[in-house]
Amino acid sequence: MAGPQGRPHQVVISEELWEIFSTIADESGSDANVLISQAMFEMAVRLGYVNPVPADMAPPSGEAKITPPGDRPTRPPPAKQKFAQGRTREAPARKPAKPAQPPSTPSPSPAMAKKRPPRPMPRPKKEKEKEEAGLYVVNDDGDSEQIDKDIYIIGRSSKCDLVINSVKVSREHAIITRERGEFFIEDLGSANGTWYKGERIEKMKIGSDDEIFICDEKFKFVLR
């Protein structure tokens, strides 16, 4: 085989490698001999047999600067390999991490255990108290009617719960409300007012046997 420059030398190259260099040369528009020479030159540089120099100081084309054997840097001897060539040292297998355990609750000391008071016994459920008393309204004729609504309106209007046919009574005169099991009567701004024991009231709690006047109409309220 003849190099691009210099005298010819005979080198034995496998057919497969020669075909590879020929293919590279065809694709790059170069010559296989040039590529082989470049490869040999780079190998000599890597092994320290040739010192590459900048382009402006390079020797004439085709002349590579060869370092004399005495000036060649000594390469440290290769470290002894513990494994045969071609084998890769396997990384040590990592031990699986132990799952985190929840923090343990320290058991109370005997002294603390003695100081702790015993747990109170659950209170027995109270039996339901007797049902709330119902409120009844009684007129002068002795007629009674139970008030079984949370809102009970008294007035002259036919839409009221307790209708009083008197022109002195307002259309919606007073209202009775049930709040937390107790009954209250409240005047709705009537013209002639709502009265209890001779006093005009705005709102009051109704007790058993209370007599309340709607204008001049008397009603008695009974809880039973």
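Residues numbered from 1 in each chain as written. Predicted model: local features only at pLDDT ≥ 70, side-chain atom pairs only at ≥ 80, totals over all residues. Heavy atoms only, no water.

Chemist: When you look at the overall build of the protein in this model, what are you seeing that I'm missing?
Modeler: What the protein contains, in helices and strands, is three helices and 11 strands. Ordered by position in the sequence, the α and β elements of the protein form the string α-α-α-β-β-β-β-β-β-β-β-β-β-β. At a minimum sequence separation of 6, the contacts of the protein that also span at least 24 residues come to 29%. As displayed, the protein has an accessible area near 19,000 Å², and 52% of this comes from carbon and sulfur atoms. (Helix = DSSP H or I, 4+ residues; strand = E, 2+ residues; numbered from the N terminus. Contact = heavy atoms within 4.5 Å. Areas by Shrake-Rupley, 256 points an atom, 1.4 Å probe, with all protein chains shown as cover.)

Chemist: It is not clear to me how a negative patch on the surface should be interpreted in this structure. Could you clarify?
Modeler: The grouping of Asp140, Asp141, Asp143, Asp209, Glu211 and Glu217 at the surface amounts to a negative patch. On the secondary structure map, Glu211 appears in strand S10 (residues 210–214). (Patch = residues over 30% accessible without salt bridge, like charges linked within 9 Å, V, L, I, M, F, W, Y side chains within 5 Å. Salt bridge = Lys/Arg side-chain N within 4 Å of Asp/Glu carboxyl O. Lys, Arg positive; Asp, Glu negative; His and termini not counted. Charge placed at Lys NZ, Arg CZ, Asp CG, Glu CD.)

Chemist: It is not clear to me how the environment of Ile151 should be interpreted in this structure. Could you clarify?
Modeler: Note on placement: Ile151 falls in strand S3 (residues 151–155). Distance in space between the C-alpha atoms of Ile151 and Phe184 is 9.9 Å, their sequence separation being 33 residues. With near-sequence residues (within four places) excluded, Ile151 lies in contact with Asp161, Ile175 and Ile176.

Chemist: I keep staring at the sheet that holds strand S1 (residues 135–138) and nothing clicks. Help me out?
Modeler: Strand-to-strand pairing in sheets goes through backbone hydrogen bonds, with the strands running parallel or antiparallel. Within the open sheet, the six strands sit side by side as S2-S1-S11-S10-S7-S8. Their pairing is antiparallel. The open sheet terminates on both sides in strands that have one partner only, identified here as strand S2 (144–147) and strand S8 (199–201). Direction aside, neighbouring strands of the sheet carry axes that sit 35 degrees apart on average. Relative to S10, strand S7 (residues 194–196) is paired through three bridges, and the arrangement is antiparallel. Each residue of the ladder has a partner; that of Thr194, found in S10, is Ile214. (Pairing = 2+ DSSP bridges. Axes fitted to C-alpha atoms, helices over the stretch in contact; angles between N-to-C directions.)

Chemist: Any chance you could explain the pattern of salt bridges here in plain terms?
Modeler: A side chain of one charge can pair with a side chain of the opposite charge when the charged atoms of the two come close. Under the criterion given, the structure shown has five salt bridges. The residue Asp150 makes a salt bridge to Arg178 at a minimum N-O spacing of 2.8 Å. Of the two residues, Asp150 is situated in the loop between S2 and S3 and Arg178 in strand S5 (residues 174–179); the sequence distance between them amounts to 28 residues.

Chemist: Sorry, what's going on with a nonpolar patch on the surface here?
Modeler: A cluster of nonpolar side chains, contributed by Leu17, Ile20 and Ile24, occupies part of the molecular surface with about 240 Å² of accessible area. By secondary structure assignment, the location of Ile24 is in helix H1 (residues 15–28). In this structure Ile24 comes out as partly exposed when scored by relative accessible area, which is 41%. (Buried < 20%, exposed > 50% of the residue type's maximum accessible area, 1.4 Å probe, protein only.)

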